[in-house]
Amino acid sequence: MRILMVCLGNICRSPIAEGVMRHKVKENGLDWIVDSAGTESYHVGEAPHRFSQKICLKHGIDISHQRAVKLTADSFAGYDKIYAMATDVYEEIKYLGGKQADMTKVELFLNDLHPGKNESVPDPYYGEEGGFLQVYELIDKGCEAIIKNNK
Ligand code: 4NP
């Protein structure tokens, strides 16, 4: 399975999701490919936010090598499952995909953890470090639920 984690800037939430999911995929002996992307181009080429890097490293996960990329319509062909970190991101994925937007591949990231709730992972970008810690815990649980439902 090839999965893509998507948020807005690809520097706060989805890089954590990529790092945590890759870690869990390895732990579980799965052969999934995991990447991440953003719906906006503001931060393309940048490393993850320093607080995203810090909280991941605290859990033994180094995401410093990751670089932000923007989602394109072609991303739909490259992945089996695309996880939107938030409802606004879900809508933007649909828009960017245009005719290639196969929305059967797209799911809200937290719906495996909390089925049918359509919850969003809060955007920590404008907040303090504590927000990143909460986001990490939520993403960790979300990844765990996705693995449980798909392995
Ligand atoms: P992310 O957070 O989508 O979790 O990477 C954000 C990063 C950058 C911006 C907004 C959210 N921004 O407006 O630049």
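The text that follows walks through the structure, step by step, so that each part is easy to find. Being a predicted model, the structure only gives us computed values, none of them experimental.

### Thoughts on the overall build of the protein chain
Regarding its fold elements, the protein chain presents five helices and four strands. Overall, the protein chain shows an N-to-C arrangement of helices and strands of β-α-β-α-α-β-α-β-α. Against the 2.2 N^0.38 benchmark of 15 Å for 151 residues, the protein chain shows a C-alpha radius of gyration of 14 Å, consistent with a compact globule. Residue pairs in contact within the protein chain that sit at least 24 positions apart in sequence constitute 74% of those at least 6 positions apart. When the accessible surface of the protein chain is summed, it comes to about 7,600 Å², and 49% of that surface belongs to carbon and sulfur atoms. Considering the protein chain, the positive charge centre built from 18 side chains and the negative charge centre built from 22 side chains are found 2 Å apart.

### What to know about the site of the ligand
As a matter of local geometry, the ligand sits amid C7, L8, G9, N10, I11, C12, R13, Y42, H43, D123, Y125 and Y126. Contact distances for the ligand include 3.3 Å between an oxygen atom and a backbone N or O atom of N10. The contact in question runs from an oxygen atom of the ligand to an N or O atom on the side chain of R13, over 2.7 Å. With the chains in place, 93% of the 360 Å² that the ligand exposes on its own is no longer accessible. Within the shell around the ligand, the residues separate by chemical class into seven nonpolar, three polar and two charged.

### What to know about the pattern of salt bridges
Counted under the stated rule, the structure contains seven salt bridges. With a closest N to O distance of 3.0 Å, R2 and D80 form a salt bridge. Pair noted here: R2 is in strand β1 (residues 2-7) and D80 is in the loop between α3 (75-78) and β3 (81-84), with a separation of 78 residues, a long-range link. Note on D80: relative accessible area 34%, which makes it partly exposed. For R22, the salt bridge identified is with D35, shortest N-O distance 3.0 Å.

Rules of the game
- Residues numbered from 1 in each chain as written.
- Predicted model: local features only at pLDDT ≥ 70, side-chain atom pairs only at ≥ 80, totals over all residues.
- Heavy atoms only, no water.
- Helix = DSSP H or I, 4+ residues; strand = E, 2+ residues; numbered from the N terminus.
- Rg over C-alpha atoms; globule rule 2.2 N^0.38 Å.
- Contact = heavy atoms within 4.5 Å.
- Areas by Shrake-Rupley, 256 points an atom, 1.4 Å probe, with all protein chains shown as cover.
- Lys, Arg positive; Asp, Glu negative; His and termini not counted.
- Charge placed at Lys NZ, Arg CZ, Asp CG, Glu CD.
- Near = heavy atom within 4 Å.
- Polar contact = N/O pair within 3.5 Å; in protein donor to acceptor, adjacent residues only side chain to side chain.
- Nonpolar A, V, L, I, M, F, W, Y, C, P; charged D, E, K, R; others polar.
- Salt bridge = Lys/Arg side-chain N within 4 Å of Asp/Glu carboxyl O.
- Buried < 20%, exposed > 50% of the residue type's maximum accessible area, 1.4 Å probe, protein only.

Honestly, it's all geometry; don't read function into it.
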